[in-house]
Amino acid sequence: MSPIFRRTDRRTEKKKPEDRLVTLIGKPGCHLCDVAQGVIEKVCGETGAAWEKKDITQDEELHRKYWEQIPVVLVDGAQHDFWRVNEDRLRRALTA
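We now turn to the structure provided with this report. Please read these numbers as outputs of a predicted model, since none were measured by experiment.

1. A few points about the pairing of strand E1 (residues 21-26)
No. 1: The buried fraction of E1 amounts to 5 of the 6 residues, a majority that puts the element mostly inside the structure.
No. 2: Relative to strand E2 (residues 50-55), E1 is paired through 6 bridges, and the arrangement is parallel. Each bridged residue has a counterpart across the sheet, and for Leu21 the counterpart in E2 is Ala50.
No. 3: Handedness of the crossover joining E1 and E2 through helix H1 (residues 31-47): right-handed.
No. 4: Note that E1 and strand E3 (residues 72-75) share 4 bridges and pair antiparallel. Its bridge partner lying in E3, Thr23 is registered against Leu74.

This is the structure in structure tokens:
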């Protein structure tokens, strides 16, 4: 079949780590959130992935959705981990 007529399934396309976004959802004064941030900073620094931090106390939707799970880690908007972040698992998610 000609490449012109082949469909590409965007869900299976591999993203480069630098095209990924890790989001940490937590709150001030949360020890587990601080530990999670350290893991995220390390892995994102190694892989080149971008990351952001969101305060659950400043966003009603995040509060409603994740309050009992913080810290919560999203990769490209999908929930990846909560409570504890596994460094190797996060690295695999960003490089797979």
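Moving on, there is more to tell.
2. Points about the sheet that holds E1
No. 1: An order of E2-E1-E3-E4 is seen for the 4 strands of this open sheet, with the pairing classed as mixed. Two strands in the sheet have a free side with no partner beyond their single neighbour: E2 and strand E4 (78-82). For this sheet, the mean angle separating the axes of adjacent strands, direction not counted, is 25°.
No. 2: Of the strands in this sheet, E1, E2 and E3 are in contact with H1, which crosses E1 at around 170°.
No. 3: Across the sheet, helix H3 (residues 87-95) lies against E1, E3 and E4, angled at about 165° from E4, the strand it touches most.

3. Topic: the nonpolar core
No. 1: Of all hydrophobic cores here, the largest spans 13 residues; its most connected members are Val22, Ile40, Cys44, Val73, Val85, Leu90 and Leu94.
No. 2: Residue assignment for this core shows that the elements contributing at least two residues are E1, H1, E3 and H3.
No. 3: Here this core gets 5 residues from one element, more than from any other, and that element is H1.
No. 4: Setting aside anything within four residues of it in sequence, one finds Ile40 in contact with Val22, Leu24, Gly45, Trp51, Val73 and Leu90.

What counts, and at which threshold
- Residues numbered from 1 in each chain as written.
- Predicted model: local features only at pLDDT ≥ 70, side-chain atom pairs only at ≥ 80, totals over all residues.
- Heavy atoms only, no water.
- Buried < 20%, exposed > 50% of the residue type's maximum accessible area, 1.4 Å probe, protein only.
- Helix = DSSP H or I, 4+ residues; strand = E, 2+ residues; numbered from the N terminus.
- Pairing = 2+ DSSP bridges.
- Right-handed = clockwise from strand over helix to strand, strands pointing away.
- Axes fitted to C-alpha atoms, helices over the stretch in contact; angles between N-to-C directions.
- Contact = heavy atoms within 4.5 Å.
- Core = buried A, V, L, I, M, F, W, Y, C linked by side-chain atoms within 4.5 Å.

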